[in-house]
Amino acid sequence: MGDITTLAVDAIVNAANEALLGGRGVDGAIHLAAGSGLLDECRGLGGCDTGEAKPTGGHDLLAQWVVHTVGPMWSGGGHGEAGLLASCYRRSLEVAVGLGARSVAFPAISTGAYGYPKAAAARIAVDTVRAFGHDHPSGIDEVVLVAFADDDLDRYQALLAETDASGPARWSSPGSCAIIATPVERLSAATAPRRPTGTTQGGNRWRSPSPSTERSVPLMSRPGRCSCTTYATSWR
């Protein structure tokens with residue numbers, strides 16, 4: 001499984017539980033990588049409702065902030081799960097913009113222990129992030145959808161290609177937000193945004209990623225509108 005905690009973005013999103021006191025999966029990995037200061041800060045937040053989001057500092061992470069969101073447990077689809085999951089992505093982006101973040105990385109919220117069907121969750125993730133980028137063209141420069149397995153990457157790739165094929169009729173005035181799906185184990189330290197070792201920002205001490213020869217996998221392509229690098233794609 002990939003590790004979202006290694007990404008040098010402004011904010012990473014944590015798929016948390018309502019207590020915000022750590023847990024399994026991505027939640028546990030983020031708390032472990034961020035150090036005990038994250039748990040101490042989370043204790044003062046008073047928990048978080050499903051579909052909502054709350055921020056903390058990144059502490060020992062490369063990211064400056066962590067945005068904690070609580071996804072819905074899958075109960076068959078008839079209990080508002082889709083709306084709550086969409087709210088997780090939307091509220092996380094709203095919180096990130098409020099912090100001043102320009103790049104945000106998401107795990108696949110609710111698809112682990114909470115049992116949300118992966119195909120349906122991927123569509124909600126892509127559609128919600130797309131809609132946010134359309135409605136807030138100057139809000140976020142880059143959103144990374146972290147894929148933890150090849151089938152996750154395939155789903156994101158297919159959905160991004162499908163929505164991109166809708167063309168200018170749907171995206172009449174795209175902003176500058178790039179949506180990238182990547183298996184995080186392929187993310188190259190050479191292509192990821194870097195922070196100088198030993199420097200600080202927002203009270204955090206940055207670590208340089210370990211060198212890697214692997215490449216990330218950019219998935220958006222719009223001839224005449226998109227400039228691509230090995231890490232990011234941007235609508236211009």
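Residues numbered from 1 in each chain as written. Predicted model: local features only at pLDDT ≥ 70, side-chain atom pairs only at ≥ 80, totals over all residues. Heavy atoms only, no water.

K.L.:
What am I meant to see in the packing of helix H3 (residues 81–99) against helix H4 (residues 118–135) here?
P.N.:
When two helices pack together, their arrangement is given by the angle between their axes and by how far apart the axes lie. Their axes nearest at 9 Å, the elements H3 and H4 cross at an angle of 40°. Here H3 lies oblique to H4, going by the angle between them. Here H3 and H4 pass one another in a crossing that is right-handed. Judged by residue contacts, Ala82, Leu85, Ala86, Tyr89, Arg90, Leu93, Glu94 and Val97 of H3 engage Ala121, Ile124, Ala125, Thr128, Val129 and Phe132 from H4. Among the residues making up the contact of H3 with H4, the classes are represented as eleven nonpolar, one polar and two charged. (Axes fitted to C-alpha atoms, helices over the stretch in contact; angles between N-to-C directions. Helix = DSSP H or I, 4+ residues; strand = E, 2+ residues; numbered from the N terminus. Parallel < 35°, antiparallel > 145°, perpendicular 65-115°, else oblique. Left-handed = near helix turned anticlockwise from the far one by under 90°. Contact = heavy atoms within 4.5 Å. Nonpolar A, V, L, I, M, F, W, Y, C, P; charged D, E, K, R; others polar.)

K.L.:
Any chance you could explain the nonpolar core here in plain terms?
P.N.:
Core analysis: the largest hydrophobic core is formed by 32 residues, its most contacted members being Leu93, Val104 and Phe106. Once you skip the residues sitting within four places of it in the chain, valine 104 turns out to touch Ala11, Val13, Leu93, Ala96, Ile140, Glu142, Val143 and Val144. The next biggest cluster of nonpolar side chains, apart from the first, holds 20 residues, and it includes Ile4, Leu7, Ile30 and Cys48. (Core = buried A, V, L, I, M, F, W, Y, C linked by side-chain atoms within 4.5 Å. Buried < 20%, exposed > 50% of the residue type's maximum accessible area, 1.4 Å probe, protein only.)

K.L.:
Can you help me understand the pairing of strand E5 (residues 142–147) in this one?
P.N.:
Walk down a regular strand and you will see the side chains alternate between the two sheet faces. Of all the six residues making up E5, six are buried; the element is thus mostly covered by neighbouring parts of the structure. Neither face of E5 is left uncovered, since the one carrying Glu142, Val144 and Val146 and the one carrying Val143, Leu145 and Ala147 both have all their residues buried. Crossover connection from strand E4 (residues 103–106) via H4 to parallel E5: handedness right-handed. (Right-handed = clockwise from strand over helix to strand, strands pointing away.)

K.L.:
How do you make sense of helix H1 (residues 25–34) when you look at a structure like this?
P.N.:
Given 3.6 residues per helical turn, the α-helix brings residues three or four places apart onto the same face. Considered for burial, the residues of H1 that qualify are Val26, Asp27, Ile30, His31 and Ala34. Axial view of H1: buried residues confined to an arc of 130°, hence all on one face. Buried positions along H1 lie against strand E1 (11–16), helix H2 (36–43) and strand E3 (65–70). (Arc of directions from axis to C-beta.)

K.L.:
So what exactly am I meant to see when it comes to H4 here?
P.N.:
Given a rise of 1.5 Å per residue, 18 residues ought to cover 26 Å, and the 26 Å separating the end C-alpha atoms of H4 matches this to within 8%. Among the residues of H4, Ala121, Ala122, Ile124, Ala125, Val126, Thr128, Val129, Arg130, Phe132 and Gly133 are the ones counted as buried. (Expected span 1.5 Å × (residues − 1).)

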